[in-house]
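The chain contents come next:
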Amino acid sequence: MTISYNWLSEYLPETVAPEELSKILTSIGLEVETLEKYEELKGGLQGLVIGEVMECEKHPDADKLSITKVDIGTSELLQIVCGAPNVAKGQKVVVATVGSTIYPSSGEPMTMKKAKIRGAESFGMICAEDEIGLGTGHAGIMILPADTKVGSPAANYFKPNEDFIFEIGLTPNRMDAMSHLGVAKDVCAYLTYHNKKETSVKLPFKNDFKADSNELPISVAIENKEACQRYSGVSIKGVTVAESPTWLKQKLKSIGLRPINNIVDITNFILHETGQPLHAFDASQIKGNKVIVKNVAEGTPFITLDEKERKLSAEDLMISNESEPMCIAGVFGGLTSGVKNTTTNIFLESAWFSPTSIRKTSFRHGLRTDAATRFEKGVDISNTVNVLKRAALLIKEIAGGKIASDLIDVYPAPKAKAEVTIKYAYLKKLSGKNYPAANIKIILTSLGFELIKEDGEQMSYTVPYSKPDITIAADIVEEIMRIDGLDNVEIPSAITISPSVETLAHDAMYKEKIANYLVGEGFNEIFTNSITNSAYFASEVLQTTVKMINNLSEELNVMRPSMMETGLESISHNLNRKNVDLKFFEFGKTYATSGVGSYSEKQHLTIYITGKKTIDSWKGKGDKADFYFAKAVFEKIIELAGVRLTEYMVSNNTKFDSAIEAKIKKYDIATIGSVDKKTLSTFDIKQPVFYIDIDWEQLITLSKKAKIEYKEISKFPAVQRDLAIVVDKGLKYEQVEKATKNAQVNRLQSISLFDIFESEKLGANKKSLAVNFVFLDEEKTMTDKDIDAMMSKIIASYEKELQAEIRK
């Protein structure tokens, strides 16, 4: 929320310095995020003076230059070489003297220096309007009225606006502070309480409103009384749409708004003054002189002010005339019904629309307007008429014309003020502070609350219409604490707490444990956007993908169904910047839907590896990462989680050139593989990427069930034996592991493959596998006879199940 210091000060009964006001605003919960000086004209025309051209002669060595002598109110005339075709003796002009800095409408600022131009000395510059930021014209120098005082500062003549601008970080419930008057009310409440004297806002509303005639009566009917609970309007005839006066333009520009014309500017001014949105219709476009607030049929086409045709929803509330819709209520105007340069008669609207209805319509059509932002938070339903009168009188004053109808106010079911009761004990419990009853009354009364009743235990108040968010006692506590000052909350000498049970401690512990391992292995953690591009995914995947309704861009339009793509974006980003050896990991979620309102999300740990796994050094070149490195990283993670793998299976996932799936018992726990080239080409990645996708939720669930067992280190030595077998070339190592398991050798501790040999001497389509076995008996030292017996069982299993030959 942008607030102008000068504008705000008009409503305060006493002057408060900008820095002090900033502290007050932050103290009462209107956090000032920035306080910056504002200059309508950068530099404020400092150093520029009004001068009079006393002499003007053609430059002897340049046809388009003139040598002038200018009086700027000093004892000596300034000689200035000027290139403007319209410079002449006797003119009053703006002069930039040596040492002053000018800020052009476009381009960089320039500091004046003594110069020699074609042999003639020049001590400054006679300025055109674009050279000092006053306009865009550059046909010649600015010529001022003859009675302009010579030697006076240009800033005194043009009076550029200077201000201080507060950027306030409003919480969503503070609609009452979305205007200069709303902020002023809070500041006055603070001053009343802390200065111990009543301080009231200087309200701009006058009681001199009256209709000049009833020449342009327009009737109003509300069909949807739930979505529009109050509608006020008035007709104004004979207005002249033109440029706004300087004071109005300056106010709007100071808060970042572009002046358009006097009618539109007045409605914008009133919006930021009072928080009440207004809309001005061209009265000639109100067919039948009837305004009807209603919903229209689903799919009705409507062209809005931005010249776009939109298909209306049956839920959109519309302001219509006798035959067609004119405006999306509270959101955006129509192309034909708005005020144009040729408009002479207007109908001015001030209404209360349902926040829920406005928010849905605003998001449905992607129209996030200032009016919609106010209506969706709730405006003051009691203020529509006062604001309408204020706006109508301003239009009459600035744009001319006369008020050509009685004020219309359709209010079918007047709203009663909400009532809230607060107990003193509850206030003490929430605030931690004892507030005397007198202080509570001062604070709440200064904020517009009205006391209904009180006793020794509690107080009951009616809530002002401007604060629709106040519904429970806790809201009253917040108001009291705000005005007292949030920085005045007392810190107790002791704090009593109840121990809580941390349900996510196990998950967090293992997440930190595994993250630390990966960081120790040279991995970097990444955080990617869970919103991604639907173009990455096949149509069958998109059938269960969660689609964004109000996506920020065309590229970010779905919640990711897979972690791979967002990680590959990060890989691509780094590769494009010559960072080619990458090891990333990410904890993140994927999302899916099985129908409207049915959504699910799943937690993953994903790992991305590309380039070299170790860096080049003086000892030698770094080793390239490969599938087996990725598999080793995964197995270490499983070990750290305290669970044991059951088996690996070959994966048919089309996103991989080759991949395996890891299982623990009956559960699929991970996929490990090399991303296929087609997927990589989507991200312009030309080097292999190895990807691990771990079902983090399932892994944590299994780790919770795993029992940690401790046993004494064996006193007896382990024995190793090697065995070479000749098998079919297409045989997978997992079949060797299964055959070993089926031999049921209880004292076998581990098995590992340490060599693969292929040669025509072994036979056609044959290969040799060299396998190492480790045996251990925890009760005795094994003999050769014991080892031979176990090896015989394994060999028999290999010969039977693998048709293996034992190499001698």
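Notes on the structure follow. (Residues numbered from 1 in each chain as written. Predicted model: local features only at pLDDT ≥ 70, side-chain atom pairs only at ≥ 80, totals over all residues. Heavy atoms only, no water.)

Quick notes on the overall build of the chain
Turning to step 1, where the next piece is worked out: On a plain count of helices and strands, the chain comes out with 20 helices and 40 strands.
Turning to step 2, where the next piece is worked out: Taking all 808 residues of the chain together, 47% fall into the buried category.
Turning to step 3, where the next piece is worked out: A separation threshold of at least 6 residues defines the contact pool for the chain, and within that pool the share at least 24 residues apart is 69%. (Helix = DSSP H or I, 4+ residues; strand = E, 2+ residues; numbered from the N terminus. Buried < 20%, exposed > 50% of the residue type's maximum accessible area, 1.4 Å probe, protein only. Contact = heavy atoms within 4.5 Å.)

Examining the sheet that holds strand S11 (residues 124-126)
Turning to step 1, where the next piece is worked out: Read from one edge of the open sheet, five strands run S5-S4-S3-S6-S11, paired in antiparallel fashion. Each having just a single partner strand, strand S5 (78-82) and S11 make up the two edges of the open sheet. The average undirected angle you get between the axes of adjacent strands in this sheet is 45°. (Pairing = 2+ DSSP bridges. Axes fitted to C-alpha atoms, helices over the stretch in contact; angles between N-to-C directions.)

Examining the sheet that holds strand S26 (residues 450-454)
Turning to step 1, where the next piece is worked out: A sheet is described by the order of its strands in space; here three strands give the open sequence S25-S27-S26, paired in antiparallel fashion. If you trace the sheet from one side to the other, it starts and ends with strand S25 (419-423) and S26, each paired once. Taken pair by pair, the neighbouring strands of this sheet meet at an average axis angle of 25°, ignoring direction.
Turning to step 2, where the next piece is worked out: Packed on one face of the sheet, helix H10 (residues 424-431) meets S25, S26 and strand S27 (458-462) and runs near 75° to S25.
Turning to step 3, where the next piece is worked out: Relative to the sheet, helix H11 (residues 437-446) contacts S26 and S27, its axis offset from that of S27 by approximately 10°.

Some thoughts on the packing of aromatic side chains
Turning to step 1, where the next piece is worked out: Under the counting rule described, the total for this entry stands at 16 aromatic pairs.
Turning to step 2, where the next piece is worked out: An angle of 85° between the planes, with centres 5.7 Å apart, marks the rings of Trp247 and Phe269 as edge-to-face. Here Phe269 lies in helix H6 (residues 262-274) and Trp247 lies in helix H5 (residues 246-254), a separation of 22 residues in the sequence.
Turning to step 3, where the next piece is worked out: Look at Phe269 and you get buried, because its relative accessible area is 2%. (Phe/Tyr/Trp six-rings, centres within 6.5 Å; stacked < 30°, edge-to-face > 60°.)

Remarks on the side chain of Asn533
Turning to step 1, where the next piece is worked out: Its location among the elements puts Asn533 in the loop between strand S29 (531-532) and helix H14 (539-542).
Turning to step 2, where the next piece is worked out: Those residues in contact with Asn533 that lie beyond four places of it in its chain are Glu555, Asn557 and Val558.

A short note on the nonpolar core
Soluble globular proteins tend to pack their nonpolar side chains together in the buried interior.
Turning to step 1, where the next piece is worked out: With 71 residues, the main nonpolar core has Leu25, Val183, Ile263, Ile395 and Ile480 as its most contacted residues.
Turning to step 2, where the next piece is worked out: Considering each element in turn, this core owes the most residues, nine residues, to helix H4 (residues 180-195). (Core = buried A, V, L, I, M, F, W, Y, C linked by side-chain atoms within 4.5 Å.)

Brief notes about the pattern of salt bridges
Any two side chains of opposite charge can pair if their charged atoms end up close together.
Turning to step 1, where the next piece is worked out: In total, this model carries 46 salt bridges according to the counting rule given.
Turning to step 2, where the next piece is worked out: Note that Glu14 is salt-bridged to Lys197, the shortest N-O span being 3.9 Å. Of this pair, Glu14 sits in the loop between helix H1 (5-9) and helix H2 (18-27) while Lys197 sits in the loop between H4 and strand S13 (219-222), and the two are 183 residues apart along the sequence.
Turning to step 3, where the next piece is worked out: Residue classification places Glu14 among the partly exposed residues on the basis of a relative accessible area of 27%.
Turning to step 4, where the next piece is worked out: Judged by its relative accessible area of 47%, Lys197 is partly exposed.
Turning to step 5, where the next piece is worked out: We note a salt bridge from Lys677 to Asp657, for which the minimum N-O separation is 3.6 Å. Highlighted residues: Lys677 in helix H17 (residues 677-682) and Asp657 in strand S34 (residues 656-664), separated in sequence by 20 residues.
Turning to step 6, where the next piece is worked out: For Asp657, a relative accessible area of 44% puts it in the partly exposed group. (Salt bridge = Lys/Arg side-chain N within 4 Å of Asp/Glu carboxyl O.)

Some thoughts on the pairing of strand S33 (residues 647-650)
Turning to step 1, where the next piece is worked out: Direction of pairing for S33 relative to S34: antiparallel, over a ladder of four bridges. When the bridges of S34 are listed, Met649 appears paired with Glu661.
Turning to step 2, where the next piece is worked out: From the end of S33 to the start of S34, which pair antiparallel, there are five residues.

Considerations on the packing of H2 against H4
Turning to step 1, where the next piece is worked out: Viewed as axis vectors pointing N to C, H2 and H4 meet at an angle of 90°, and their least axial separation amounts to 10 Å. The angle between H2 and H4 places the two elements in the roughly perpendicular class. Residues Leu21, Ile24, Leu25 and Ser27 of H2 pack against Val183, Val187, Tyr190 and Leu191 of H4.
Turning to step 2, where the next piece is worked out: Looking at side-chain class alone, the contact of H2 with H4 contains seven nonpolar, one polar and no charged residues. (Parallel < 35°, antiparallel > 145°, perpendicular 65-115°, else oblique. Nonpolar A, V, L, I, M, F, W, Y, C, P; charged D, E, K, R; others polar.)

Quick notes on the packing of H4 against helix H12 (residues 473-484)
Turning to step 1, where the next piece is worked out: Remark: H4 packs on H12, axes separated minimally by 9 Å, with the N-to-C direction vectors making an angle of 70°. The pairing of H4 with H12 is recorded here as roughly perpendicular in orientation. Touching Asp186, Ala189, Tyr190, Tyr193 and His194 of H4 are Arg482, Ile483 and Asp484, all from H12.
Turning to step 2, where the next piece is worked out: Looking at the contact of H4 with H12, its residues break down into four nonpolar, one polar and three charged.

Topic: unusual backbone geometry
Turning to step 1, where the next piece is worked out: The backbone phi angle of Arg118 is positive, close to 50°, even though this residue is not glycine.
Turning to step 2, where the next piece is worked out: For Glu307, which is not a glycine, the phi torsion comes out positive at approximately 65°.
Turning to step 3, where the next piece is worked out: The topology assignment puts Glu307 in the loop between strand S17 (301-303) and strand S18 (309-311).
Turning to step 4, where the next piece is worked out: Residue class for Glu307 comes out exposed when judged on its relative accessible area of 63%.

What to know about the side chain of Arg390
Turning to step 1, where the next piece is worked out: Note that Arg390 resides in helix H9 (residues 384-399).
Turning to step 2, where the next piece is worked out: Taking the relative accessible area as the measure of exposure, Arg390 reaches 17% and is therefore buried.
Turning to step 3, where the next piece is worked out: Among the polar contacts listed, one links the side chain of Arg390 to the side chain of Glu273, at a separation of 2.8 Å.
Turning to step 4, where the next piece is worked out: Excluding its chain neighbours within four sequence positions, the residues that come into contact with Arg390 are Pro204, Phe205, Phe269, Ile270 and Glu273. (Polar contact = N/O pair within 3.5 Å; in protein donor to acceptor, adjacent residues only side chain to side chain.)

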